[in-house]
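Examination of the molecular architecture
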Amino acid sequence: MAARRRLWSPPAHWRLLAFCLAVVLILIGFEGFVTHTIGRSSEPHTGANAAAPLVGSRALVTARGGRLRSAQPAPGKRIALTFDDGPDPKWTPRVAAVLRREHVPGAFFVVGSEAARHPDVVQMLARDGHELGNHTFTHAALSTGAGWMRRSQLDLTEAVLVGLTGRFSRLVRPPYSATPDAVTRAQEHKLVEAAGSRYVIALADIDSKDWQRRGVAKTVASASPREGRGGVVMFHDGGGNRSQTVAALTVLLPRLKAQGYQFVSLAQLAGVPEAAMSPPASAAERRRGELFMWSVRFAFFLVGLLHWLVLGVGILVTTRVALLFVLASHHTRLTRRAEQVVDYTPSVSILVPAYNEEVGIERAIRSLADSDYPQLEILVVDDGSTDRTAEIVASLRLDRLRLIRQDNGGKASALNIGMQFGDGEVLVMVDGDTVFEADTIRNLVRPLADPEVGAVSGNTKVGNRRGLLGRWQHIEYVTGFNLDRRMYEVLQFTPTVPGAIGAFRRDALEEVGGMSGETLAEDTDVTLAIGRTGRRVMYAEQARAWTEAPSTLGGLWRQRYRWSYGTMQAVWKHRGAVVSRDPRQARIGRRAIPYMVCFQILLPMIAPLIDLLALYGLIFTDPAPVAAAWLGFNALQLALAAFAFRLDRESLRPLWALPLQQFVYRQMMYLVIIESTISALVGIRAQWRTIERTGDIRVGLNT
């Protein structure tokens, strides 16, 4: 019943997160929709066609009786300059500067998506008194595609113009339809639908491309419009390098003025009031337009940001993988040399904090008692268990075993009690469900022969790896945790000695005040504290400990939530090492904590956004590059996993489950990090709780 209530009444921060995710989905979906689904199309310029319905027509036409008709008077020696495909942040201001200098008006047919990206350019054109026209939202043809798509192209651009200028535009220029004699009968029908009773379709009497192909000199030589008449001349201020447009205008405008031509607006050329071409919008329409315009800008910004995030994450991940390959190989060579060191066997106290561990405690204690180690004592601290944990331990009656009982005080408290009662020079800490091999302790304490070493991490192995969830955790332990520890040791900034198997020099623990209960990750907390004293932390890959990983998604969630939340607490607690001038703290402050923040907190938090961008790419763009990137990433992960498995002398058979991790397991880990982060920010507290155990642990490689 409690689970059902939680399902239907999720915490407030989850509702907020779901809302934010929905907003992001809507924004990137909208950007993909308008940019790609309605996206750019092409329609060939057919050239003059005697059978075309608009041959001989004026450039400004409206829809009447199912046809495009022109009521434009003869232009005489009047010219209206128009510019397509902008606004361009570089070329449009240069074109406008030439027009301003020559006191010539222009009509700029803007692409809506570009207008939203460069609002300052559009507003500059409006301030200069130029006409603004609709050139569709993504430069898509208005004579192809579904009717709703064509309407959307015009409506979206109109909303942007209203938001930027407070006025509508009744001028529309269809992309790819230049002059009247290039419009076919089928295109005319579609343009009639687009124009309706609302818009004036602005074609062109002269396409300046014909002039510019021959260069500026020849353009001047044929500067006079066709048959000495004026009309609508089409230039382009966007869509590429428009230096020819600027150069042509600079030379042509004075020349045409000298020949007696007058430059007018499209409204003047059509013989209608200026307000008829750009009527004002109401206050409500302006507000809606502004909201839409900002939504468009934010959507484009968000998708652009995601692309940069993907690039940055790709660089980070690739760099990390390269470091792992190189440094883990180097660590293996160092380890082989270190194994030749004379055996080191100081007195050892094994501390086993236990809370409701009746399922696996007996097997764990017997494996410790069977260790091939001379000076050994085992202290089990029962932390107020409510099951038979204490009774089972007491019934074992082993010579080197002591049972200590206390009221429930948490794991750190139990370990500190064990420290007080233990006599060993070295303290080995073990979870109550963990099974050791006979030589594990000997291999674990050997690196402590070096007096500069304060702690040693063992090699934690998943003992219940038969199910898919167990295989995923097995892959994570080998490829993630154990491979990372090799890199950490080489770079000398190991952040965590795991609670399942770790050895500590007693004086190192006493120097940092023992185990702290201030965080849920007491193992990370104490390891960082020891690292800040300047002592080294080593990794003993031959010291294997077999643990039972959570066998249910709920158990896995609780375990990883505690780890993640505790890690954040530990990072925050030791943040002073980042700015400390003490050289002993440099490795922790400048390596460990930045690495943990980057790869254990930030990267998992933004990973869902990267997955959303991949989905965006599959839906709205060419899926081939997205699929190739995904396959490349998986190939890299598989190569890294195979490398790690070889180092750990593990069978490669479980790696078939690695690609499946991307769809369920990794997503769950991302959500755990997000939940932990939000919980930490809002101050939610968590407690040490045991995870349901089955006792299903198989000891030995390749199990």
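Residues numbered from 1 in each chain as written. Predicted model: local features only at pLDDT ≥ 70, side-chain atom pairs only at ≥ 80, totals over all residues. Heavy atoms only, no water.

**What to know about the pairing of strand β16 (residues 453-462)**
If a strand is regular, its side chains alternate between the two faces of the sheet. The buried count for β16 comes to 10 of 10 residues, which makes it a mostly enclosed element. Here β16 pairs with strand β18 (residues 536-547) via 8 bridges, running parallel. Among the inter-strand pairings, Thr 460 is bridged to a residue of β18, identified as Ala 545. The sheet contact formed by β16 and strand β17 (residues 501-505) spans 3 bridges and is antiparallel. In the strand pairing of β17, Ala 455 is matched with Phe 504. (Buried < 20%, exposed > 50% of the residue type's maximum accessible area, 1.4 Å probe, protein only. Helix = DSSP H or I, 4+ residues; strand = E, 2+ residues; numbered from the N terminus. Pairing = 2+ DSSP bridges.)

**Some details on a nonpolar patch on the surface**
A cluster of nonpolar side chains, Leu 468, Trp 630, Leu 631, Trp 656, Leu 660, Phe 663 and Val 664, forms an exposed patch at the surface whose accessible area comes to about 690 Å². Assessed through its relative accessible area of 36%, Trp 630 is described here as partly exposed. (Patch = residues over 30% accessible without salt bridge, like charges linked within 9 Å, V, L, I, M, F, W, Y side chains within 5 Å. Areas by Shrake-Rupley, 256 points an atom, 1.4 Å probe, with all protein chains shown as cover. Salt bridge = Lys/Arg side-chain N within 4 Å of Asp/Glu carboxyl O.)

**Here's the deal with the pattern of salt bridges**
If you walk through the whole model with that rule in mind, you get 28 salt bridges. A salt bridge links Glu 650 to Arg 465; the nearest nitrogen and oxygen atoms lie 3.0 Å apart. Taken as a pair, Glu 650 in the loop between α24 (623-647) and α25 (658-661) and Arg 465 in the loop between β16 and α18 (468-491) lie far apart in primary sequence, 185 residues in all. Accessibility classification places Glu 650 together with Arg 465 in one group, the buried group. Two residues, Arg 506 and Glu 510, come together in a salt bridge whose shortest N-O distance is 4.0 Å. With Arg 506 and Glu 510 both in helix α19 (residues 506-511) and 4 residues apart, this pair spans about one turn of that helix. Note on Arg 506: relative accessible area 16%, which makes it buried. Here the residues in one salt-bridge network are Lys 461, Arg 465, Arg 486, Glu 541, Asp 648 and Glu 650, joined through shared partners.

**A look at the packing of helix α5 (residues 119-127) against helix α6 (residues 147-165)**
Orientation of α5 relative to α6, taken along the N-to-C sense of each, is 70 degrees, at an axis distance of 10 Å. If you check the angle between α5 and α6, you find them roughly perpendicular. Between α5 and α6 the crossing geometry is right-handed. Mapping the contact onto sequence places Pro 119, Val 122, Gln 123 and Ala 126 in α5 and Leu 161, Leu 164 and Thr 165 in α6. The class makeup of the residues in the contact of α5 with α6 is 5 nonpolar, 2 polar and no charged. (Axes fitted to C-alpha atoms, helices over the stretch in contact; angles between N-to-C directions. Parallel < 35°, antiparallel > 145°, perpendicular 65-115°, else oblique. Left-handed = near helix turned anticlockwise from the far one by under 90°. Contact = heavy atoms within 4.5 Å. Nonpolar A, V, L, I, M, F, W, Y, C, P; charged D, E, K, R; others polar.)

**Observations concerning the sheet that holds strand β12 (residues 376-383)**
Overall, mixed pairing links the 8 strands, which are arranged β13-β12-β11-β14-β17-β16-β18-β15 in an open sheet. Here the strands that pair on one side only, and so sit at the sheet edges, are β13 (401-406) and β15 (435-436). Where β15 lies against β18, 2 bridges are found, and the strand directions are antiparallel. When the sheet's bridge partners are listed, Val 435 is paired in β18 with Trp 546. Along the sheet, helix α15 (residues 389-396) makes contact with β11 (348-354), β12 and β13, crossing β13 at roughly 155 degrees.

**What about the side chain of Ser 457?**
With respect to the helices, strands and loops of the structure, Ser 457 is situated in strand β16. Relative accessible area serves as the criterion here: at 0%, Ser 457 is assigned to the buried category. Here the side chain of Ser 457 touches Arg 485 through a polar contact of 3.4 Å, side chain to side chain. The residues contacting Ser 457, other than those within four sequence positions of it, are Leu 444, Arg 485, Thr 496, Val 497, Pro 498, Ile 501, Met 538, Tyr 539 and Ala 540. (Polar contact = N/O pair within 3.5 Å; in protein donor to acceptor, adjacent residues only side chain to side chain.)

**Details of unusual backbone geometry**
Peptide bonds are, in most cases, trans, and in most cases residues other than glycine have a negative phi. The omega angle of the peptide bond from Gly 86 to Pro 87 is 0 degrees, so this bond is cis rather than trans. Examined against the element boundaries, Pro 87 turns out to sit in the loop between β3 (78-86) and α3 (91-102). Residues other than glycine seldom take positive phi values, yet His 139 does so here, at roughly 60 degrees. As for its placement among the helices and strands, His 139 is situated in the loop between β5 (131-134) and α6. By relative accessible area, which is 10% here, His 139 ends up buried. In the Ramachandran plot, Arg 649 falls in the positive-phi region, its phi being about 55 degrees despite a non-glycine side chain. Looking at the secondary structure, you find Arg 649 in the loop between α24 and α25. Take Arg 649: its relative accessible area is 49%, and that puts it in the partly exposed class.

**What to know about the pairing of β17**
Judged by how many residues are buried, β17 sits mostly within the fold: 5 of 5 residues are covered. By the alternation rule, side chains of β17 split into Ile 501, Ala 503 and Arg 505 and Gly 502 and Phe 504, which are all buried. Of the strand pairs in this sheet, strand β14 (residues 426-430) and β17 are connected by 5 bridges, and their pairing is antiparallel. Note on β17: the bridge partner recorded for Leu 427 is Phe 504.

**Examining the environment of Val 393**
Here Val 393 shows up in helix α15. On the basis of relative accessible area, Val 393 is assigned to the buried category, the value being 2%. As for Val 393 and Leu 403, which are separated by 10 residues in sequence, their C-alpha atoms are 7.0 Å apart. Setting aside chain neighbours within four positions, we find Val 393 in contact with Ile 361, Val 380, Leu 401 and Leu 403.

**Considering the packing of aromatic side chains**
Following the criterion strictly, the structure yields 13 aromatic pairs and no others. Between Trp 472 and Tyr 665, the ring centres sit 5.8 Å apart and the planes meet at 55 degrees, which makes this aromatic pair tilted. On the criterion of sequence distance, the pair formed by Trp 472 in helix α18 and Tyr 665 in helix α26 (residues 665-682) is long-range, its members being 193 residues apart. As far as burial versus exposure is concerned, Trp 472 and Tyr 665 are alike and both buried. Centroid distance Tyr 488 to Tyr 595: 5.7 Å. Interplanar angle 90 degrees. Geometry classified as edge-to-face. Pair noted here: Tyr 488 is in helix α18 and Tyr 595 is in helix α23 (residues 586-620), with a separation of 107 residues, a long-range link. Judged by relative accessible area, which is 6%, Tyr 488 ranks as buried. Tyr 595 gets classed as buried once you look at its relative accessible area, which sits at 12%. Positioned above the aromatic ring of Tyr 261, the side-chain terminus of Lys 77 is 4.6 Å from the ring centre. (Phe/Tyr/Trp six-rings, centres within 6.5 Å; stacked < 30°, edge-to-face > 60°. Lys NZ or Arg CZ within 6 Å of the ring centre and 35° of its normal.)

**Focus: α15**
Taken together, the buried positions of α15 are occupied by Thr 389, Ala 390, Ile 392, Val 393 and Leu 396. What you see down the axis of α15 is that its buried residues fit within an arc of 165 degrees, all on one side. Close packing links the buried residues of α15 with β11, α14 (361-369), β12 and β13. Looking one or two residues beyond α15, the residue adopting positive phi is Arg 397, at roughly 50 degrees. (Arc of directions from axis to C-beta.)

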